[in-house]
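Residues per chain, in single letters:
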Amino acid sequence: MVNVAVSSVAVMSIDLGSEWMKIAIVSPGVPMEIILNTDSQRKTPLVVAFRDGERFIGDAALTVGVRFPEKTFTHFLDLVGKSSLKSVAAQKYKERFPYHNLVETENGQLAFVLKDNGQEVQYTPEELLSMLLSKARTFAEIASASSSQSGQAQIITDCVLTVPPYFSQAERRALKDAANLAGLKVLQLLNANTAFALNYGVFRRKDFNSTPTNILLYDMGAGDTVSTIVSFQVVKTKERGFTESNPQLSVKGVGYDRYLGGFEFQLRLRDHLVKLFAEQSKKTVDEISKNKRAMAKLLKEAGRLKKVLSANNEHKAQVENVMNDIDLKAIVTREQFEALSADLLNERVTKPLDDVLQSSGYQLTEIDSFIVIGGATRIPKVQQLLQEYFSRELSKNINADEAGALGAAYQAAYLSKGFKVKTFHVKDANLFQINADFDRLNDSGEKKTVSRALFGRNNLYPQKKVITYSKHKEDFDIMVNYGEPVPQDSPKSIYKVSLKNIAPVYDKYTGNSSVEAKGIKVHFSMDESGILSVTNSEALFEVEYEEVTESDQYENLSEAVGDAISKFGSTISKLFSGNEEAGNETQSENATTTEEATAQLNETKTDSEKKEQEKPDVNQTESSNSTTTKQIKKELKKKTVKEEISSVIDILDIVPLPADVLSASKDKLKSLNEKEIAKLKRDQAKNTLESFILETRDKLEQNEFASATTDEEKTKIESELRTASDWLEYESDGADAAVFEEQIKKLASITNELFNRVREHRERPEALGALRNILNISDMFHSNAINMSEDDQVFSQVELTNLRVLVDETQTWMEESVKEQALLPANVNPTKLTLRAIAEKTAALDREVKYLLNKARVTPPKKKPKKEESKKDDNSTDPLDASDPQTEETTEDQPTNESEKSEKNEKASEKPVAEEEGEKISPEKVVDVPPKTEL
């Protein structure tokens, strides 16, 4: 089992097709990549099977499907979000797979009735899909463990799922419900054609500029055909306050055929093989068609034939034991295959191309490149028809199997919080027009239904829309409906939005002449997944209010001029000031300057004028520093007030599942997962027991083990192995993992002694070699340490003595133990020279030497004593006398002339190399200290 980390930033993408799913992950340090499943395949069959109470997914389910087709479910993605057996999808499925029992449940869902292991169980398409999504998550987490440095798997919950572009609102919500059942958080439902286009654009982003590049994608997969016109160009957007230029893809139009794909061609070949087998076996077509296993075998062979005939003109169909032990052998040619599919090839292959050109309004001459993807486009006749339609070379430079998953993985990394990727804007197209219909009274008092287009066909999303209802003052309903054409198998109505308690809101403002109602605004949003929602609704009122302002009134022109100068100076100072405080300071300075200028003007006036000004005026208030008066102005202004309107939203296209039904589905899936985990543990334990028995029997025949055991011990082990083998073969069918583990423990208890004995003999030479090596190192280290000079010595005598004693004791123990062990036979357990004892002796020496080495590293060197010169005679005077530290310091630090250098060298050469016995050793003597030994 893989150890799962507590948290993760890894994200995944799942490209869901009709027959296969491809999974990609983006994890720290690992670029986006397609992962392998447990069968080492890059894609996994979209198949779920049940047999004997066990569940099988992927390739294992395909194996079950040949023998038990009624218990194997595939091609059910088109049933997601459907509620009626009368739907086109349900009828088509029953026609293709008549052996499945498809019913309507009480909760308004379709479900498969499965009889297995004596029980009858129902599984909805959403539940089956959630099983596959859960398995995809398991594959992704296992892959994250193999790619991480720690080897631990990461919990992955964030994902992007691809979805057919023609999926309706109900189908998209149902797909998210299936992901929720699998424990996944859907960051976005990305249309499959858009995922292909994003993968194409990401690796060619440098090729785009402000001029649009138009690409036509033609995708014929296993179940459907989709043609898309995508425009790439560089656009400028304002993000985080900055204007950035990034590439953007915009879907301009989509044409599709929901049931034209490789599987439809495969069904034609299957029916042809049924007729061929009827001719060879002398049985009727109806008789063969009612045989489930025969039809499953012929369908599988038809799939193989379809692939081979894409590269060969003819091939031999061979199926063993189709029914009643009769085989099928027949030659099928490509010409026959094309004749069987003539209506598909001639009438439906190019129809999506006509539709996409009509939908987008583009001409073929405006298309820069025509790219074909999808497995069914490998059919030669399909390529020929497309080539004739386009009249130019077809491009095949996209990996059809992996481009969708990789494009979705890039989008997942972009939407997640754990990764930073280059921006590539994605604008998808809404294929079905959505209207908001409501009733209102006309002038004559009659009700009239009014329709407003919310999102037109080919409107780009994500996008928000607002509709204002100006004549509704009572509660009313809004019907959110599809325009024409309505999506297949979908009712016309999507939501019913009921706006409640409108009258009390309007009553708050009734009778107030200063309030004017501006209507009710309802906000709609289509998110990145193409799912429509009502975000909020509110009533708007325009309220008229009176704003009081004060302005200065001047008595003469000079005062007006002075005030104008003041205001102008204040404005200039604000423009050049670095902050608000600086601006205020400058403004006050300008005001003072203005006052001084005003004072100068006043001084030039006549005395009579001054006296006239000094007279008090009862009609105005005069400040001490200004000659202006304040004029009160009243101005009428308007502001908008918003009042929230409560709304109730009823989903009409498919009934949401009650909480108890969702809980029951989760419990059902949880039980299946627990059974699968228990089965995996049981199989692993069973395989471990079987391997242990076989390996032990083989070891007992080897000389190494045979010499290490006695006849009695060998007989006992062989007897226990035989008993366990018989139990495994005849009695273990109902046992769980714990029983198998108990059997393994029982066998291990009687073989451990032998295995340990052999391990001791096998690993002893290497362990002794390591001990001898550490002994040599320790002995060398001790020798070097005791030869160190007194000045360089960092070890105490006790430390050196302890090391010597430990080395000698270990050497003696090893020599004695080796002699004792040599006298013991190989089938006797070692008593003294065990691996554990050798490891302990080795560790003790290693620990002691490392301690001394670390001490040598951290101990600072001792200070060298100052050099002393012996006096030549009592009357001589040495200019470098050590008694004069100042002179010595000057001589050592300062440069000297040539004569002083030569004199110094001569004196140095006269110094004796060694002293006579009994005399003091000179500091100049060099002691040869051996280098430190490092382990």
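As the structure is a prediction and not an experimental result, all values here were calculated from the model.

J.: Explain the overall build of the protein chain here, please?
T.: For the protein chain, the count of helices and strands is 25 helices and 29 strands. Of all 935 residues assigned to the protein chain, the portion counted as buried reaches 43%. Across the protein chain, the fraction of contacts at a sequence separation of at least 24, relative to all contacts at a separation of at least 6, is 69%. By element, 48% of the accessible surface of the protein chain is carried by carbon and sulfur atoms, the whole surface being about 51800 Å².

J.: Looking at this structure, how should I read the pairing of strand β25 (residues 493-500)?
T.: Successive residues of a regular strand alternate their side chains across the two faces of the sheet. The pairing of strand β24 (residues 476-482) with β25 spans six bridges and is antiparallel. Following the sheet pairing, isoleucine 478 is matched in β25 by valine 497. The sheet contact formed by β25 and strand β29 (residues 646-651) spans six bridges and is antiparallel. Residue pairing in the sheet places valine 497 in a bridge with isoleucine 649 of β29.

J.: What's the story with the sheet that holds strand β8 (residues 101-104) in this structure? I'm lost.
T.: Sheets are built from strands paired through backbone hydrogen bonds, the pairs being either parallel or antiparallel. In spatial order, the strands read β8-β9-β10; together these three strands make up an open sheet with antiparallel pairing. Both edges of this open sheet fall to β8 and β10 (119-123), since each of them pairs with a single strand only. For this sheet the average axis-to-axis angle between neighbouring strands, irrespective of direction, equals 35 degrees. Bridge count between β8 and strand β9 (residues 110-116): four bridges; the pairing is antiparallel. Bridge pairing in β9 links asparagine 101 to valine 113.

J.: Help me out: how do you make sense of helix α4 (residues 169-181) in this one?
T.: Because each turn of an α-helix spans 3.6 residues, side chains separated by three or four positions end up pointing in the same direction. A rise of 1.5 Å per residue sets the reference length of α4, with its 13 residues, at 18 Å; its end C-alpha atoms lie 19 Å apart and thus fit the reference within 8%. Burial within α4 is extensive, with ten of its 13 residues counted as buried. Turning to α4, its buried residues are Gln169, Ala170, Glu171, Arg172, Arg173, Ala174, Leu175, Ala178, Ala179 and Leu181. The positive-phi residue at the C-terminal boundary of α4 is glycine 183, with phi of around 80 degrees.

J.: Explanation requested: the side chain of serine 416 in the structure shown.
T.: One can find serine 416 in the loop between α13 (403-415) and β19 (425-429). A distance of 3.0 Å separates a polar atom in the side chain of serine 416 from the backbone oxygen of alanine 413. Beyond its immediate stretch of four places on either side in the chain, serine 416 contacts Val11 and Leu187.

J.: Teacher, can you tell me more about the confidence of the model for the protein chain here?
T.: Detailed conclusions should not be drawn from predicted coordinates in areas where pLDDT is low. Overall, the predicted model of the protein chain reaches an average pLDDT of 83, with 82% of residues at or above 70. Low confidence marks residues 571-626, where pLDDT is under 50. Its contacts with residues over four positions away, or in another chain, come to 27 contacts. Long-range and interchain partners of residues 869-935, a stretch whose pLDDT sits below 50, account for 45 contacts in this model, where long-range means more than four residues apart.

J.: It is not clear to me how the packing of helix α1 (residues 59-67) against helix α8 (residues 292-308) should be interpreted in this structure. Could you clarify?
T.: If you want to describe how two helices pack, look at the angle between their axes and the distance between the axes. The interhelical angle for the contact between α1 and α8, taken along N-to-C directions, is 130 degrees, at an axis separation of 7 Å. Between α1 and α8, the crossing angle belongs to the class labelled oblique. Between α1 and α8, the contacting residues are Gly65, Val66 and Arg67 on the first element and Arg293, Ala296, Lys297 and Lys300 on the second. Taken together, the residues of the contact of α1 with α8 break down into two nonpolar, one polar and four charged.

J.: Help me understand the environment of leucine 636 in this model?
T.: With respect to the helices, strands and loops of the structure, leucine 636 is situated in strand β28 (residues 629-644). Distance from leucine 636 to valine 548, taken between C-alpha atoms, is 8.8 Å for residues 88 residues apart in sequence. In this structure, leucine 636 is in contact with Glu544, Tyr545 and Glu546, ignoring residues within four places of it in sequence.

J.: How should I be thinking about the environment of leucine 267 in this particular structure?
T.: By secondary structure assignment, the location of leucine 267 is in helix α6 (residues 262-281). Of the residues examined, leucine 267 reaches a relative accessible area of 8% and is grouped as buried. When the C-alpha positions of leucine 267 and leucine 298 are compared, they lie 9.6 Å apart, and in sequence the two are 31 residues distant. With near-sequence residues (within four places) excluded, leucine 267 lies in contact with Arg96 and Leu299.

J.: Looking at this structure, I do not really get the sheet that holds strand β22 (residues 460-461). What am I missing?
T.: Spatially, six strands are ordered β18-β13-β14-β15-β19-β22 in an open sheet, and the strand pairing comes out mixed. Of all strands in the sheet, those bounded by a partner on one side alone are β18 (369-373) and β22. As paired strands, strand β15 (residues 242-257) and β19 are joined by three bridges and run parallel to one another. Residue pairing for β19: leucine 249 is matched across the bridge by valine 426. Helix α11 (residues 351-360) contacts β13 (213-220), β14 (225-239), β15 and β18 of the sheet and is inclined by roughly 130 degrees relative to β15. This element, helix α12 (residues 380-390), spans β13 and β18 of the sheet and lies at about 165 degrees to β18.

J.: Would you mind going over the nonpolar core with me for this structure?
T.: Generally speaking, soluble globular proteins have nonpolar side chains that are buried together. In terms of nonpolar packing, the biggest core is built from 128 residues, with Met12, Phe76 and Leu133 touching the most fellow members. It is helix α3 (residues 125-147) that provides the largest number of residues to this core, a total of nine residues. Excluding residues that lie within four positions of it along the chain, leucine 133 makes contacts with Ile14, Leu16, Leu161, Ala178, Ala179, Ala182 and Leu184. Core analysis: the next-biggest nonpolar cluster, separate from the first, contains 44 residues, Leu269, Ala302, Leu353 and Ile367 among them.

J.: Explain α13 here, please?
T.: For α13, with 13 residues, the first-to-last C-alpha span of 18 Å sits near the 18 Å given by 1.5 Å per residue. α13 sits mainly inside the fold: eleven of its 13 residues count as buried. Of all the positions in α13, only Ala403, Gly404, Ala405, Leu406, Gly407, Ala408, Ala409, Tyr410, Gln411, Ala412 and Ala413 are classed as buried.

J.: Explanation requested: the packing of helix α21 (residues 737-786) against helix α23 (residues 835-858) in the structure shown.
T.: Contact geometry of α21 with α23 gives a least axis separation of 9 Å together with a crossing angle of 25 degrees. Relative to α23, α21 is oriented roughly parallel. Seen along the crossing, α21 lies across α23 with a hand that is left-handed. Contacts between α21 and α23 involve Arg759, Glu760, Glu763, Arg764, Ala767, Leu768, Ala770, Leu771, Ile774, Leu775, Ser778 and Phe781 from the first element and Leu835, Ile838, Lys841, Thr842, Leu845, Asp846, Val849, Leu852 and Leu853 from the second. When grouped by side-chain class, the residues that make up the contact of α21 with α23 number 13 nonpolar, two polar and six charged.

J.: Looking at this structure, I do not really get unusual backbone geometry. What am I missing?
T.: Glycine aside, residues mostly have negative phi angles, and peptide bonds mostly take the trans form. The residue after tyrosine 461, namely proline 462, is reached through a cis peptide bond having omega 15 degrees. Note on placement: proline 462 falls in the loop between β22 and β23 (463-469). The step from glutamate 484 to proline 485 runs through a cis peptide bond, and the omega angle for that step is 0 degrees. Mapped onto the elements of the fold, proline 485 is located in the loop between β24 and β25. Positive phi, normally seen in glycine, also occurs at lysine 282, with a value near 60 degrees. The topology assignment puts lysine 282 in the loop between α6 and α7 (285-289). In this structure, asparagine 501 is a non-glycine residue whose phi angle is positive, near 55 degrees. Structurally, the position occupied by asparagine 501 is in the loop between β25 and α14 (502-507).

J.: What is the right way to read the environment of proline 658 from this model?
T.: Locating proline 658 in the fold gives a position in the loop between β29 and α18 (659-700). Residue proline 658 is classed as partly exposed on the basis of its relative accessible area of 36%. Separated by 551 residues in sequence, proline 658 and asparagine 107 place their C-alpha atoms 8.3 Å apart.

The rules behind each value
- Residues numbered from 1 in each chain as written.
- Predicted model: local features only at pLDDT ≥ 70, side-chain atom pairs only at ≥ 80, totals over all residues.
- Heavy atoms only, no water.
- Helix = DSSP H or I, 4+ residues; strand = E, 2+ residues; numbered from the N terminus.
- Buried < 20%, exposed > 50% of the residue type's maximum accessible area, 1.4 Å probe, protein only.
- Contact = heavy atoms within 4.5 Å.
- Areas by Shrake-Rupley, 256 points an atom, 1.4 Å probe, with all protein chains shown as cover.
- Pairing = 2+ DSSP bridges.
- Axes fitted to C-alpha atoms, helices over the stretch in contact; angles between N-to-C directions.
- Expected span 1.5 Å × (residues − 1).
- Polar contact = N/O pair within 3.5 Å; in protein donor to acceptor, adjacent residues only side chain to side chain.
- pLDDT = per-residue confidence, 0-100.
- Parallel < 35°, antiparallel > 145°, perpendicular 65-115°, else oblique.
- Nonpolar A, V, L, I, M, F, W, Y, C, P; charged D, E, K, R; others polar.
- Core = buried A, V, L, I, M, F, W, Y, C linked by side-chain atoms within 4.5 Å.
- Left-handed = near helix turned anticlockwise from the far one by under 90°.

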